[in-house]
Amino acid sequence: MARARVGAGESMTDARPLLAALLVCACRAAGSGSVVRAPLAPLTQGESGLAIVAGKVLTLDAEKQVFDPGLVLVRGDKIAYAGALTEIPAGYERLDAPDLWVHPGFVDLHTHIHAAGWHDLNDMVMPLNPGLRARPTIDPWEERLEHARAAGVTTMFGIPGSGTSLGGFGTVYKPERDAGYEEIVVRDPGGMKVAQNFNPQRSAGDLGNSWAGLAFGLEYWNDRIERRVAAGDPGVENHQFADLAKVHRGELPVLIHCASAEGVAAATRMWKLRYGTDAVITHGCWDGWRAAHYTAAAGIPINAGPRVENLTAMVRENRFVGIAHEYLKAGNELVSLNTDSPVVPEEELFLQGSWSSRMGADGYTMLAALTTHPARSFQLGERVGSLEPGKDADLVLSSGDPLDPRSRIELVIIDGRVQYSRAKDGALF
Amino acid sequence: MLATIVLASMAGGSGAGGPPEAGEVGGPGLALLAAKILTVPYEGAQFVDHGVVLVKDGKITAIGPRAEVSIPADHRVVDLGDSWLTPGFIDLHCHSAGPSLYSGVNDLNDLVYLVNPDLRAAPSVEPHVYDMRVAIAGGITTVLYIPGSGSNIGGQGILVKTAFDRFEQNLVRNPGSMKLAQWGNPESWGPGVGMAFENWNTRNTIRRGVAYAERWKDQDPGNEKDLTFEAFRDLVARKIAFSVHTQVYQVVLMTITMIAGEFDLPVFTDHSEIGGWLAAPEALKAGVPAIVGPRTTDHVYSRGFINWARNKHEGVRGLAAGWQELGMKDIGFNTDSPVVPQEELPVQATMGVRYGMDDSGLAALRGLTIVPARAAKIDARVGSLEVGKDADILVCDGYPIDPRTTVQRVFVNGIQAYDGAREGRRW
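Residues numbered from 1 in each chain as written. Chains lettered and ligands numbered in written order. Predicted model: local features only at pLDDT ≥ 70, side-chain atom pairs only at ≥ 80, totals over all residues.

## Here's the deal with the overall build of chain A
Thought 1: Summing up its helical and strand segments, chain A has 13 helices and 16 strands in all.
Thought 2: Residues classed as buried in chain A amount to 54% of the 429 residues present.
Thought 3: By sequence separation, contacts in chain A at least 24 residues apart represent 68% of the contacts at least 6 residues apart. (Helix = DSSP H or I, 4+ residues; strand = E, 2+ residues; numbered from the N terminus. Buried ≥ 20, exposed ≤ 12 C-beta atoms within 10 Å, placed from the backbone. Contact = placed C-beta atoms within 7 Å.)

## Notes on the overall build of chain B
Thought 1: Per the secondary structure count, chain B includes twelve helices and 18 strands.
Thought 2: For chain B, whose C-alpha radius of gyration is 21 Å, the value lies close to the compact-globule estimate of 22 Å for 427 residues.
Thought 3: By its C-alpha atoms, chain B is 65 × 60 × 40 Å across when sized along the principal axes.
Thought 4: Across the 427 residues in chain B, those meeting the buried criterion constitute 58%.
Thought 5: Restricting the contact set of chain B to residue pairs at least 6 apart, pairs at least 24 apart contribute 67%. (Rg over C-alpha atoms; globule rule 2.2 N^0.38 Å.)

## With respect to the environment of Arg295 of chain B
Thought 1: Within the element layout of this structure, Arg295 of chain B appears in the loop between strand S12 (290-292) and strand S13 (297-298).
Thought 2: The spacing of Arg295 of chain B and Gly155 of chain B is 140 residues in sequence and 23 Å in space, taken between C-alpha atoms.

## Some details on the sheet that holds strand S6 (residues 89-94) of chain B
Residues and elements named next belong to chain B.
Thought 1: If you walk across this open sheet you meet the eight strands as S6-S7-S8-S9-S10-S11-S12-S15, and the pairing is mixed. The strands lining the two open edges of the sheet, one partner per strand, are S6 and strand S15 (331-333). Geometrically, the sheet is characterised by an average inter-axis angle of 30 degrees between neighbouring strands, direction not taken into account.
Thought 2: Pairing between S12 and S15: three bridges, direction parallel. The partner of Val292 across the bridge, within S15, is Phe333. (Pairing = 2+ DSSP bridges. Axes fitted to C-alpha atoms, helices over the stretch in contact; angles between N-to-C directions.)

## Details of the domain arrangement of chain A
Residues and elements named next belong to chain A.
Thought 1: By the assigned domains, chain A splits into domain 1 (17-104 + 389-425) and domain 2 (106-377).
Thought 2: On a C-alpha basis, the centres of domain 1 and domain 2 stand 30 Å from each other.
Thought 3: The partner domain 2 presents 21 residues to the 20 residues of domain 1 that form the contact.
Thought 4: Broken down by secondary-structure element, the contributors of at least two residues to the side of domain 1 that touches domain 2 are helix H1 (17-32), strand S5 (93-104), strand S15 (409-414) and strand S16 (417-421). (Domains from an automatic or database assignment.)

## Let's talk about the nonpolar core
Thought 1: By size, the foremost hydrophobic cluster in this structure holds 119 residues, and its most contacted members are Val53, Leu85, Ile136, Tyr145, Val267, Trp323 and Ile393 of chain B.
Thought 2: For this core, the element with the most residues is helix H6 (residues 249-262) of chain B, which contributes seven residues.
Thought 3: Both domains that furnish three or more residues to this core are identified here as domain 1 (2-87 + 388-423) and domain 2 (89-375) of chain B.
Thought 4: Those residues in contact with Ile136 of chain B that lie beyond four places of it in its chain are Thr141, Thr162, Ala163, Val410, Ala417 and Tyr418 of chain B.
Thought 5: Listed in part, the 109 residues of the second largest apolar core include Val74, Ala150, Phe157 and Leu349 of chain A. (Core = buried A, V, L, I, M, F, W, Y, C linked by C-beta atoms within 7 Å.)

## Quick look at H6 of chain B
All names here are of chain B.
Thought 1: With 14 residues, H6 should reach 20 Å at 1.5 Å per residue; the first-to-last C-alpha distance of 18 Å fits that figure.
Thought 2: Regarding H6, the residues found buried are Val251, Val252, Met254, Thr255, Ile256, Met258, Ile259 and Ala260.
Thought 3: The inward-facing, buried residues of H6 abut helix H4 (195-215), strand S10 (241-247), strand S11 (267-273) and helix H7 (280-286).
Thought 4: Phi for Asp264, located one or two positions after H6, is positive at around 50 degrees. (Expected span 1.5 Å × (residues − 1).)

## A word on the confidence of the model for chain B
Residue and element names in this part refer to chain B.
Thought 1: Across chain B, the average pLDDT comes to 90, with 90% of residues at 70 or higher.
Thought 2: For residues 1-16, every residue scores under 50 in pLDDT, and the model assigns this stretch 29 contacts once sequence neighbours within four places are set aside.
Thought 3: Residue range residues 302-313 is modelled with pLDDT below 50. Its contacts to residues more than four positions away, or to other chains, number 15 contacts.
Thought 4: For this predicted complex, the interface confidence score (ipTM) comes to 0.84, while the overall pTM stands at 0.88. (pLDDT = per-residue confidence, 0-100.)

## Quick look at the domain arrangement of chain B
Residue and element names in this part refer to chain B.
Thought 1: By domain assignment, chain B separates into domain 1 (2-87 + 388-423) and domain 2 (89-375).
Thought 2: Centre-to-centre separation of domain 1 and domain 2, based on C-alpha positions: 29 Å.
Thought 3: Taken together, the contact between domain 1 and domain 2 spans 22 residues of the former and 25 residues of the latter.
Thought 4: At the level of elements, helix H1 (2-10), strand S5 (84-87), strand S17 (407-412) and strand S18 (415-419) are the ones that each hand at least two residues to the side of domain 1 that touches domain 2.
Thought 5: Here the side of domain 1 that touches domain 2 gets four residues from one element, more than from any other, and that element is H1.
Thought 6: Residue classes in the side of domain 1 that touches domain 2 are distributed as 18 nonpolar, three polar and one charged. (Nonpolar A, V, L, I, M, F, W, Y, C, P; charged D, E, K, R; others polar.)

## Observations regarding helix H10 (residues 349-358) of chain A
All names here are of chain A.
Thought 1: Burial within H10 is extensive, with nine of its ten residues counted as buried.
Thought 2: Within H10, the full set of buried residues consists of Leu349, Phe350, Gln352, Gly353, Ser354, Trp355, Ser356, Ser357 and Arg358.
Thought 3: Buried residues in H10 make contact with strand S6 (106-111), strand S7 (153-158), helix H9 (323-329), strand S13 (335-337) and helix H11 (363-368).
Thought 4: Directly beyond the C-terminal end of H10, a positive phi value near 120 degrees is found at Gly360.

## Describing unusual backbone geometry
Residues and elements named next belong to chain A.
Thought 1: Between Asp68 and Pro69 the backbone carries a cis peptide bond, its omega angle lying at 5 degrees.
Thought 2: Structurally, the position occupied by Pro69 is in the loop between strand S2 (66-67) and strand S3 (70-75).
Thought 3: Omega for the peptide link from Gly305 to Pro306 comes to 0 degrees, which places this bond in the cis form.
Thought 4: Locating Pro306 in the fold gives a position in the loop between strand S12 (302-304) and helix H8 (311-317).
Thought 5: Located in the positive-phi region is His283, a residue other than glycine, with phi close to 75 degrees.
Thought 6: Overall, His283 belongs to the buried group, with 30 C-beta atoms counted inside 10 Å.

## As for the sheet that holds strand S8 (residues 166-173) of chain A
Residues and elements named next belong to chain A.
Thought 1: Pairing is mixed in the open sheet, where eight strands are placed in the order S6-S7-S8-S9-S10-S11-S12-S13. Of all the strands in the sheet, just S6 and S13 have a single pairing partner and so form its edges. Sheet twist, expressed as the mean angle between neighbouring strand axes with direction ignored, is 30 degrees.
Thought 2: Bridging between S7 and S8 involves three bridges; their strand directions are antiparallel. Across the sheet, residue Phe157 finds its bridge partner in S8, namely Val172.

Dropping the structure here:
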């Protein structure tokens, strides 16, 4: 989809490139006639529900449906309906938001703000730590999470740092207010964190610090666990290797910190092609985009950020490179964006989309890169990332195009509960 | 003037030796057709739909709807389709048109004396710095390159364009301003320097400068010429303004009452941050514009002994919004480059809108164009798309306050100074 522009004579200060593009989607969806809806059920006694009548509903579903205006029904902690305006079933509390856009909450697969101190992010004793979990470091009352939810970030993968080659297992959680660990956790362990190159070279324990040393370490454990999993060896189910075994059985995804073209290619080769794990490239920056055809052919998802541009290409070749744009151009489908918070503040996740859009990527795709793409990349697509019946009621009400910094988030709902209200809580950033 | 014209035609986009291209000095005329032209004059209609701009000899010769402007036969017509045209952006607080502190060179803060009205930024200008190549790609066509705020009076700024590789071709005005730092940095000059001394020191220097200028008004001082005070002749003649590093209410107020009030000299407040907007009523009365940045907000919660956020419910106070809410119309933006990169000037305006500035009258775009042009007294040449002004024109793919909009081409003095499609994006 080309970047659409508001034409002459239309609103000037409100030039929303998404708008026109989305209208096209909406017309297509409406015109297809393929949408079949079951009658909407009323709430039963004791159930709570919220009916949001909004100016625009961006579902981010597979058909890229947009409803203008639209209705979202939140039943308990799930979405019961997201679509065209229709009669609201009995029992729902009605919220009229004719000027607001509703879209799914943002998903950030690369975050480190769950723990107050850096020292809790990297256990730097051993280079390979398949037994470590981020779980004990998660602090649901951490102040930065307040900013995260105010910015519409509703699902986060909190992970160990990249100080060691295999940092351990992160937790997928939601930055909900006034809630304990058990209430906010989505999946624990949520997935594995690997640092394929660069950072762990600074301190790789007793293995030396070359790429060869790091690759040897990772392959050493992977080969062993792969063989033992294949043989059905119950001895693998111990607290040191059980989670790594899940990765090899495809039950958990793995997020791989890597950068540069050769680093991205090496990570793809090892984790996707050699071991067949459900791997996701994270960062993929510097000139990692030069391996974009390779990653596209391998079908490995890309989670770009915190850098969104490649400055060395500018210096060396006078070439202006937006990283997400380059991966998309080469045919990569699941391209998502991260903050690596606090490297980029969690509340600026949406700006990663704005900037990637400025650097060439299509605006709608960049909204997908903050919602459905990361969710589908990381075995979370059944629960979050789009507004569809049965999915978690994680949604954001915004005063306009969510990738336009002039827009403001008015309301954030996680699991059906209002987590942030601009009118009540004020603008935090 | 003649030398400038000759240089302009030599160094034009046509390349060395070639004939001048359409729009350039000495070349045939140029007609730019676009879907929307944001003309932003200080008063009157702010835009033209489906319009045309005629350019001849580097100047705008006509502008209006296509149906109303007849294009002379010898003009080269460039149909820019759905593009939007705006005036080139102007940054009145730039430290990167030459070696900057970030490149490890300090040529902007001469810290021998506390007041230096005689020092000029001009010798530090380096037209080839990469910052300016990115600046032009971002649509910043004119900058006020000024001394730092390490001393009380830093010296004379210079107004230059960013497009060309010759100093003479870029020159708009020298001196371009008198840079003052009333408070909030010059303290580092030496022990014991504070707000009261700095105010006296500034006031005393200006008083002497004005006396010198009045004494030699309309006549050549000859052997009596005093370089220390020579620039005050331009200030008293109202050809240039004081650009004043300010923040907090008292300093903004002192700037207004002393320079605009007591001395009746042209002045604009720069930075205008950290509660400076509270002095907006006084600035409005004295006709002193506010140029805001590099901060765009007072990110101060309503606690502590200074209530900078003025008990607003929201902890983030947008500065441009603060000035605007108190009635100020002339609100501009700056980067203090390289504090904020030069090319991000329009993003400063975006953030102004994010934090509450009402942009329904194109206030954000005006803050990048006509407002700074008037503040620096160069609005006869730049700052809006009007007949007789320099053809400094940006071709954008949308409203430039949306950061997803990119600048596709830049014309300066009618010369195509940047073409993203041909040269590649730099920003």
